Amino acid sequence: MKRKSGLGCTGAVVIFVCIAVMVTLTVMKLTGGALGRIKTEMSLITDPIDKDAVSSGDDDWQLMLIDADNPLPDDFSVNLTSLANGHKIDSRVYPYLQKMFDDARSQGIFPSISSSYRTSAEQQSELDQKTREFINQGCSPEDALKKAKTWAALPRTSEHQAGLAVDITSVDASVQSPDIVWNWLKSNAHKYGFIRRYPPEKSGITGISNEPWHYRYVGQAAAKEIYKRGLCLEEYLEILHRED
Ligand SMILES: [Zn+2]
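Residues numbered from 1 in each chain as written. Predicted model: local features only at pLDDT ≥ 70, side-chain atom pairs only at ≥ 80, totals over all residues.

### So, the confidence of the model for the chain
Here's step 1: In this model, the chain carries an average pLDDT of 84, and 75% of its residues clear a pLDDT of 70 or more.
Here's step 2: Considering only residues more than four positions removed or in separate chains, one finds that residues 1–7, a stretch of pLDDT under 50, has zero contacts.
Here's step 3: Here residues 24–46 scores under 50 on pLDDT; set against residues more than four positions off or in separate chains, the count is three contacts. (pLDDT = per-residue confidence, 0-100. Contact = placed C-beta atoms within 7 Å.)

Have a look at this one:
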């Protein structure tokens, strides 16, 4: 009995030491991971941007910030190219969009445009529609409009009206889930000069809810930097101007 009791004691010590080592290793791993993440996030914000690769005065049109505080000018106009199903996009963006769709299809991904260029009247109608949806869900008209504005912009404050944005889904949701298309775009759109404009983690900065379908053309050099650093357009432009 005595020997058994001695072995039991040794066993308990061994188990205790093992648990202690495991806890220490886990803490070290978590701390290292967190530190690594912080370091990466810091470098994303502070590393200088290769401006030569990004912007000359001629590129301003593609880096234009369009939001509630930065509406398009009253006399804004753009040359548009018509796509299938009546959609339209800035003619300068068209070849990149076409190439992105061609490459996606060759990889078994079948994207489809659900919204593209919108006039002021169409943008207002989009906002009205969203507002009605929230009223139908029981919101007061004021609250409904406030909520709707996080989904649809006022006229002249939407990238769609500039002809620089497209909403993309799958050709047939019963055959291919839009999530599959959105995942492909998330990893590949920057190669063609497009960015996922409203990711969920940036809604505090962009003021727009998560929109996995909304892609904005900014040019290939800017899109690659934005993708690589995990920025949104507002953060990117802030760094770019800070270095001026
Ligand atoms: Zn959109």
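### A few points about the pairing of strand S5 (residues 194–198)
Here's step 1: In terms of residue burial, S5 counts as a mostly covered element, since five of its five residues are buried.
Here's step 2: Here S5 pairs with strand S6 (residues 211–217) via four bridges, running antiparallel. When the bridges of S6 are listed, Arg196 appears paired with Tyr215. (Buried ≥ 20, exposed ≤ 12 C-beta atoms within 10 Å, placed from the backbone. Helix = DSSP H or I, 4+ residues; strand = E, 2+ residues; numbered from the N terminus. Pairing = 2+ DSSP bridges.)

### Here's the deal with the environment of Ser116
Here's step 1: With respect to the helices and strands, the residue Ser116 is situated in the loop between strand S3 (111–115) and helix H4 (120–136).
Here's step 2: Taking the C-alpha atoms as reference points, Ser116 and Val166, 50 residues apart in sequence, are found 4.4 Å from one another.
Here's step 3: Setting aside its immediate chain neighbours within four residues, Ser116 contacts Leu83, His87, Lys88, Ile89, His160 and Val166.

### Comments concerning helix H6 (residues 178–188)
Here's step 1: Those residues of H6 not exposed but buried are Val181, Trp182 and Leu185. Seen end-on, H6 carries its buried residues on one side only, within an arc spanning 95°. Facing away from the buried side of H6 by over 90 degrees, the exposed positions are Asp179 and Ser187.
Here's step 2: Residues of H6 that are buried in the fold lie against S3, strand S4 (165–170), S5 and S6. (Arc of directions from axis to C-beta.)

### Some thoughts on the sheet that holds S5
Here's step 1: Here we have four strands laid out as an open sheet, ordered S3-S4-S6-S5, and antiparallel in their pairing. Of all strands in the sheet, those bounded by a partner on one side alone are S3 and S5. Sheet twist, expressed as the mean angle between neighbouring strand axes with direction ignored, is 45°.
Here's step 2: As defined by bridge partners, S3 adjoins S4 across four bridges and the pair is classed as antiparallel. (Axes fitted to C-alpha atoms, helices over the stretch in contact; angles between N-to-C directions.)

### So, unusual backbone geometry
Here's step 1: With a phi angle near 60°, Asn85 is a residue other than glycine that sits in the positive phi range.
Here's step 2: Mapped onto the elements of the fold, Asn85 is located in the loop between strand S1 (80–82) and strand S2 (88–90).
Here's step 3: For Asn85, a count of 9 C-beta atoms within 10 Å corresponds to the exposed category.

### With respect to the nonpolar core
Here's step 1: Residues Phe194, Ile195, Tyr215 and Ile226 are the most contacted members of the largest nonpolar core, which totals 31 residues.
Here's step 2: Looking at this core, the elements with two or more residues in it are helix H3 (94–106), S4, H6, S5, S6, helix H8 (220–229) and helix H9 (233–242).
Here's step 3: Not counting residues within four places of it along the chain, the set of residues in contact with Tyr215 comprises Ala165, Val166, Ile168, Leu185, Ala189, Phe194, Ile195, Arg196 and Arg197. (Core = buried A, V, L, I, M, F, W, Y, C linked by C-beta atoms within 7 Å.)

### Here we look at the packing of H4 against helix H5 (residues 141–148)
Here's step 1: H5 packs onto H4 with a crossing angle of 130° between their chain directions and a minimal axis gap of 8 Å. Taken together, H4 and H5 sit at an angle that is classed as oblique. Note that H4 runs across H5; the crossing there is right-handed. Counted together, Leu127, Lys130, Thr131, Phe134 and Ile135 of H4 and Pro141, Ala144, Leu145, Lys147 and Ala148 of H5 form the full contact between these two elements.
Here's step 2: For the contact of H4 with H5, the class distribution of residues is seven nonpolar, one polar and two charged. (Parallel < 35°, antiparallel > 145°, perpendicular 65-115°, else oblique. Left-handed = near helix turned anticlockwise from the far one by under 90°. Nonpolar A, V, L, I, M, F, W, Y, C, P; charged D, E, K, R; others polar.)

### Brief notes about the environment of Trp213
Here's step 1: With respect to the helices, strands and loops of the structure, Trp213 is situated in strand S6.
Here's step 2: On the basis of neighbour counts, which here come to 20 C-beta atoms within 10 Å, the residue Trp213 falls in the buried class.
Here's step 3: C-alpha separation for the pair Trp213 and Asn183, spaced 30 residues apart in sequence, amounts to 9.9 Å.
Here's step 4: In contact with Trp213, other than residues within four places in its own chain, are Ser114, Asp167, Ile168, Thr169 and Trp182.

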